[in-house]
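The chain contents come next:
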Amino acid sequence: MTGIRIAAAFVSLGAIALISGCSSSSGSSAIAPSVLAPVHSVSQMRTQASFYSCPAHGGLKYVSDYNNNAINIYAGNFNGQAPCGVLTSHVSAPWGMSVDAATHDLYVANDFGHDILVFHRGQTAPYDTYKDPTGQDPVDVVLAPDGTVIASNLVRENLLEDGSLSTWIAGPNGGSFVGNFAMPTGGVGLYLAVRADGTVFFDKLEGQTNIGSLWSVSCPAGACGSQTEVIGATLAGPNGLAVDSGGDLRLDEAGSGLADTFELPRTHAKSFQVMGSPTGLAINEFEHHWFVADGLNNQAEEYLYPGGTLIGVVAGNSGGGTFGVAVDPDRVR
């Protein structure tokens, strides 16, 4: 049975207004286009086997390539270097990612796989997979301080639900599924982040527009409660989110090419300009480095914050779509 799957990745000046494709029960799907690039057929995709030659210790950066079903891994500051590793096993249209600082495990929102993959650092095959039985298209994923895995979903596979959150109690063999919690109706779910006190932040787009809003919710042991709008529908294509140890919220605005810092409860951002149109976001607060997946330019960038000085860039794969970025500082406070 064939249905229409609608994805969204909005960037400045409407360069990409909507990503769309078709999916089937066999799992074959159209590939979401990289920004300003044509849609690739499955037969045109770059094929690459997993490999890993990254250092055992030190910081690592992960960049997801949605179009090529791959996650590139980089050591050292971005400076045009080739990846030291690539993850492709079970990877299908990877989007947002996060790293558990305590275990160094990488969590991946595997959009066309309709699941969450978890990789040990240094391993090229996932050791655990979380799947929402209601059938969802995950965009991003975080591990909450209480051990809850939380995913943000673009839409339900059958399009009978808009954006939502899925939660599991972390554990082997996919943990224990807790529930699926609908976001406010209209539009699609995008990225999320979690604060040290367990507060979850997520952004979403409103209807078929690139205007979005920011929300917060508490999900103790995976049971999400009422959702509160933090910043109204005035954000220009909100995308990646991160929260630092001080509770400051970082947010990418793809529509304006801005990297925003919100010292909540104040909702007036301190911002700096970034290249292109940022999608995914990660920070290494030990070094005050801000990482952006730049969907417009098919690359990832590294900046100093709060000033916004560019440190360096790594190019994406041929025909790629850089939608997500994550960092493992290899340090724990």
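Residues numbered from 1 in each chain as written. Predicted model: local features only at pLDDT ≥ 70, side-chain atom pairs only at ≥ 80, totals over all residues. Heavy atoms only, no water.

S.K.: Can you help me understand the pairing of strand S21 (residues 258–262) in this one?
M.R.: Regular strands show a simple pattern: their side chains alternate between the two faces of the sheet. Where burial is concerned, most of S21 is hidden: four out of the five residues are buried. As paired strands, strand S20 (residues 249–253) and S21 are joined by five bridges and run antiparallel to one another. Bridge pairing in S21 places leucine 249 opposite phenylalanine 262. Here S20 hands over to S21 after four residues, with glycine 257 in that stretch at a positive phi of 65°. In the sheet, S21 pairs with strand S22 (residues 270–273) via four bridges, with the strands oriented antiparallel. Counterpart to leucine 258 in the pairing with S22 is glutamine 273. (Buried < 20%, exposed > 50% of the residue type's maximum accessible area, 1.4 Å probe, protein only. Helix = DSSP H or I, 4+ residues; strand = E, 2+ residues; numbered from the N terminus. Pairing = 2+ DSSP bridges.)

S.K.: Looking at this structure, I do not really get the sheet that holds strand S5 (residues 70–75). What am I missing?
M.R.: In a beta sheet, neighbouring strands pair by backbone hydrogen bonds and run either parallel or antiparallel. Spatially, the five strands line up as an open sheet ordered S3-S6-S5-S4-S27, and their pairing is antiparallel. Looking at which strands have only one partner, the edges of the open sheet turn out to be strand S3 (51–52) and strand S27 (322–328). Of the strand pairs in this sheet, strand S4 (residues 60–65) and S27 are connected by six bridges, and their pairing is antiparallel. When the bridges of S27 are listed, tyrosine 62 appears paired with alanine 326.

S.K.: Before we go on, may I ask you to explain the packing of aromatic side chains in this structure?
M.R.: Describing an aromatic ring pair means giving the distance of the ring centres and the angle of the ring planes. Evaluated as defined, the whole model comprises eleven aromatic pairs. Every member of this aromatic cluster is reached through a ring pair, and the members are Tyr66, Trp95, Phe112 and Phe323. (Phe/Tyr/Trp six-rings, centres within 6.5 Å; stacked < 30°, edge-to-face > 60°.)

S.K.: What exactly am I supposed to notice about the nonpolar core here?
M.R.: Generally speaking, a soluble globular protein has its nonpolar side chains buried in company with each other. In this structure, Tyr62, Ile71, Ile73, Met97, Leu106, Val108 and Phe119 are the most contacted members of the largest nonpolar core, which totals 15 residues. For this core, the elements supplying multiple residues, two or more each, are S4, S5, strand S7 (94–99), strand S8 (106–110) and strand S9 (115–119). In terms of nonpolar packing, the next biggest core, distinct from the first, is built from 14 residues, Leu165, Val194, Phe202 and Trp215 among them. (Core = buried A, V, L, I, M, F, W, Y, C linked by side-chain atoms within 4.5 Å.)

S.K.: Can you walk me through the environment of glycine 307 in this structure?
M.R.: One can find glycine 307 in the loop between strand S25 (299–304) and strand S26 (310–315). The exposure class assigned to glycine 307 is exposed, which follows from its relative accessible area of 60%. Between the alpha carbons of glycine 307 and lysine 270 there is a distance of 9.9 Å; along the sequence they are 37 residues apart.

S.K.: It is not clear to me how the pattern of salt bridges should be interpreted in this structure. Could you clarify?
M.R.: Considering all chains together, one arrives at seven salt bridges under this definition. Among the salt bridges present, the one from aspartate 328 reaches arginine 121, with a minimum N-O distance of 2.9 Å. A residue pair is termed long-range when its members are at least 10 positions apart, and aspartate 328 in strand S27 and arginine 121 in the loop between S9 and strand S10 (128–130) qualify at 207 residues. Relative accessible area serves as the criterion here: at 1%, aspartate 328 is assigned to the buried category. Salt bridges sharing common partners tie together Glu263, Arg266 and Lys270. (Salt bridge = Lys/Arg side-chain N within 4 Å of Asp/Glu carboxyl O.)

S.K.: Explain the environment of lysine 131 to me, please; I cannot follow it from the model alone.
M.R.: As for its placement among the helices and strands, lysine 131 is situated in the loop between S10 and strand S11 (136–143). Judged by its relative accessible area of 46%, lysine 131 is partly exposed. With 43 residues separating them in the primary sequence, lysine 131 and glycine 174 have C-alpha atoms 6.9 Å apart. When near neighbours in sequence (up to four residues on either side) are disregarded, lysine 131 contacts Gly113, His114, Asp115, Trp168 and Phe177. Separated by 3.2 Å, the side chain of lysine 131 and the backbone oxygen of glycine 113 make a polar contact. At 3.3 Å, the side chain of lysine 131 and the backbone oxygen of histidine 114 are in polar contact. (Contact = heavy atoms within 4.5 Å. Polar contact = N/O pair within 3.5 Å; in protein donor to acceptor, adjacent residues only side chain to side chain.)

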